[in-house]
Amino acid sequence: MSKTQFPLRFDPSFENVPDDEVETQRGLTEAMLAIQRKTHADTGYAHRAVHAKAHGYLKAKFEVLPDLPTSLAQGLFESPARYDTILRFSTTPGDVLDDNVSTPRGVALKVLGVSGKRLPGSESDTTQNYVLGNSPSFQVATAAGFLKQLKVLAATTGHAEPVKEALSVLSRTTNAGLEKVGLKSATLTTLAGQATTELLGDSFYSQAAILHGDYFAKVVLAPVATELIALSGKPLDVSGHPDAIRESIQRYFAALPAVWELRVQLATDIDAMPVEDSSTEWPEDESPYVAVARVTATPQQSWSEELWAEIESGLAFNPWIGLAAHRPLGSIMRARKPAYAAAREYRGQANGIRIEEPTIP
């Protein structure tokens, strides 16, 4: 697994909370709410503060694999089991934009009917949430850095879409050149520099660290079905198709099943795999991602008014809704707790809806 061959047990000292963290979190929360207020005023609907545009919803099966070693058989993965799960595919901005404005993608998973000791504030729930993005690490190291970036995103929310399309083309071209010399820009990618490829070919990462029982880790949802792997890096024609990603997902699931693995990368070295710096990509030659669960989706309708009402309108996805054994770790994750809670409350009140965790009868 690593040069030491042993995963590193989590120690509370691995988290370092700066003196001004509450102030930073307050700034992040207000920036997210500012995005929501702007899009609400523009559209008459209170969208999510980030990942506002959904591209598809799936109902799938989540199967914990058998015979996991003790270091992996932690929390949700302690013993083999099968759960229902919900997936939501999205892109990052708080605007609902034409897909010509190509930004990073995400997938959120909600595993249903999970039992065990809960995270504070999630005691009455029975779900485990994962919020994942399509790069191995976060674009900035800490919440303070994210606040600076989010202020830029908030300032561009609601601006003329043709300008954003032009910026997206420029950003993608610039990033392609930088990538050839190993200097791809996280800021450009975040603003609009994501390559226009098939979303279903992507792998999706926690980016920041998560407690894994006695240990700590990052996770990835990686495609394993042949049909999904074939889409990795495949160009997607977005010209004249404002919802090209959504249409592509619909075409796929009209006929084909999909299988992903949820894989865990256990930390083995706190210096190489820090908790507080979410921009650090943990070296896979030190500790590879190992499969702990399989997610299987059969052919189905991935977009409808009913799904939109149930999942887009009625649910929230938050890594702080889950088991205590999988507590989010580090500055970026800690900042998400108050920000996501405030954004959920605003969305529910503004839209006149109840946003609740689903339960298994």
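This write-up is about the structure you can find in this document.

What counts and what doesn't
Residues numbered from 1 in each chain as written. Predicted model: local features only at pLDDT ≥ 70, side-chain atom pairs only at ≥ 80, totals over all residues. Heavy atoms only, no water. Helix = DSSP H or I, 4+ residues; strand = E, 2+ residues; numbered from the N terminus. Contact = heavy atoms within 4.5 Å. Areas by Shrake-Rupley, 256 points an atom, 1.4 Å probe, with all protein chains shown as cover. Axes fitted to C-alpha atoms, helices over the stretch in contact; angles between N-to-C directions. Left-handed = near helix turned anticlockwise from the far one by under 90°. Nonpolar A, V, L, I, M, F, W, Y, C, P; charged D, E, K, R; others polar. Parallel < 35°, antiparallel > 145°, perpendicular 65-115°, else oblique. 1 Å grid on protein atoms, 1.4 Å probe; cavity = no way out; pocket = protein on both sides within 12 Å on 5 of 7 lines; lining within 4 Å. Points joined across faces, edges and corners; volume = space filled by probe spheres on them. Phe/Tyr/Trp six-rings, centres within 6.5 Å; stacked < 30°, edge-to-face > 60°. Buried < 20%, exposed > 50% of the residue type's maximum accessible area, 1.4 Å probe, protein only. Lys NZ or Arg CZ within 6 Å of the ring centre and 35° of its normal.

1. Things to note about the overall build of the protein chain
The number of helices and strands found in the protein chain is eight helices and nine strands. Here the contacts in the protein chain between residues at least 6 apart in sequence split such that 78% fall between residues at least 24 apart. For the protein chain, the accessible area works out to roughly 15,400 Å², and carbon and sulfur atoms hold 55% of it.

2. Brief notes about the packing of helix α1 (residues 21-43) against helix α8 (residues 330-351)
One way to put it is that α1 packs onto α8 with a least axis distance of 9 Å and a crossing angle of 35°. Handedness of the crossing formed by α1 with α8: right-handed. Across the interface between the two elements, Glu-21, Gln-25, Leu-28, Thr-29, Met-32, Leu-33, Gln-36, Arg-37 and His-40 of α1 pack against Ser-331, Arg-334, Ala-335, Pro-338, Ala-339, Tyr-340, Ala-342, Ala-343, Tyr-346, Arg-347 and Ala-350 of α8. Across the contact of α1 with α8, the residue classes tally to 11 nonpolar, five polar and four charged.

3. Some details on the packing of α1 against helix α2 (residues 143-156)
Axis separation between α1 and α2 bottoms out at 9 Å; the angle between their running directions is 20°. With respect to their mutual orientation, α1 and α2 come out roughly parallel. Crossing handedness for the pair α1 and α2: left-handed. Judged by residue contacts, Thr-24, Gly-27, Leu-28, Ala-31, Met-32 and Ile-35 of α1 engage Ala-143, Ala-144, Phe-146, Leu-147, Leu-150 and Ala-154 from α2. Here the residues of the contact of α1 with α2 sort into 10 nonpolar, two polar and no charged.

4. Points about empty space enclosed by the protein
This model, assessed by the stated rule, comprises six cavities of 30 Å³ or more. Estimates place the volume of the largest cavity at around 290 Å³. What lines the largest cavity is a set of 19 residues, and nearest its centre among them are Arg-48, Val-50, His-51, Phe-317 and Tyr-340. Going through the elements one at a time, β2 (81-91), β3 (105-112), β4 (127-133) and α8 are the ones with two or more residues in the lining of the largest cavity. With four residues, the top contributor of residues to the lining of the largest cavity is α8. Taken together, 16 residues line the second largest cavity, and the ones lying closest to its centre are Thr-91, Asp-99, Val-101, Ser-102 and Thr-103. A class-by-class count of the residues in the lining of the second largest cavity yields seven nonpolar, four polar and five charged.

5. Here we look at the layout of surface pockets
Sizing a probe to match a water molecule and rolling it over the atoms shows the empty space that remains. What the second largest pocket holds in volume is close to 210 Å³. Forming the walls of the second largest pocket are Pro-120, Gly-121, Ser-122, Ser-124, Asp-125, Asn-318, Trp-320, Ile-321, Lys-337, Ala-341, Arg-344 and Glu-357. Grouping the constituent residues of the lining of the second largest pocket by class yields four nonpolar, four polar and four charged.

6. Points about the packing of aromatic side chains
If you walk through the whole model with that rule in mind, you get 13 aromatic pairs. Ring centres 5.3 Å apart and planes at 50° place the aromatic pair Tyr-45 and Trp-308 in the tilted group. Of this pair, Tyr-45 sits in the loop between α1 and β1 (53-64) while Trp-308 sits in helix α7 (residues 305-313); the two residues are 263 residues apart in sequence, bridging distant segments of the chain. Of the residues examined, Tyr-45 reaches a relative accessible area of 18% and is grouped as buried. Residue class for Trp-308 comes out partly exposed when judged on its relative accessible area of 31%. Plain terms: the ring middles of Tyr-205 and Tyr-289 are 5.9 Å apart, the flat faces sit at 65° to each other, and that makes the pair edge-to-face. Linking Tyr-205 in strand β5 (residues 204-205) with Tyr-289 in the loop between β8 (258-266) and β9 (290-297), this pair joins segments that are 84 residues apart in sequence. Take Tyr-205: its relative accessible area is 14%, and that puts it in the buried class. Each residue in the set Phe-10, Phe-14, Phe-216 and Trp-282 is aromatic and connected to the rest through ring pairs, giving one cluster. A cation over an aromatic ring shows up here: Arg-246 above the ring of Trp-303, its NZ or CZ 3.6 Å from the ring centre.

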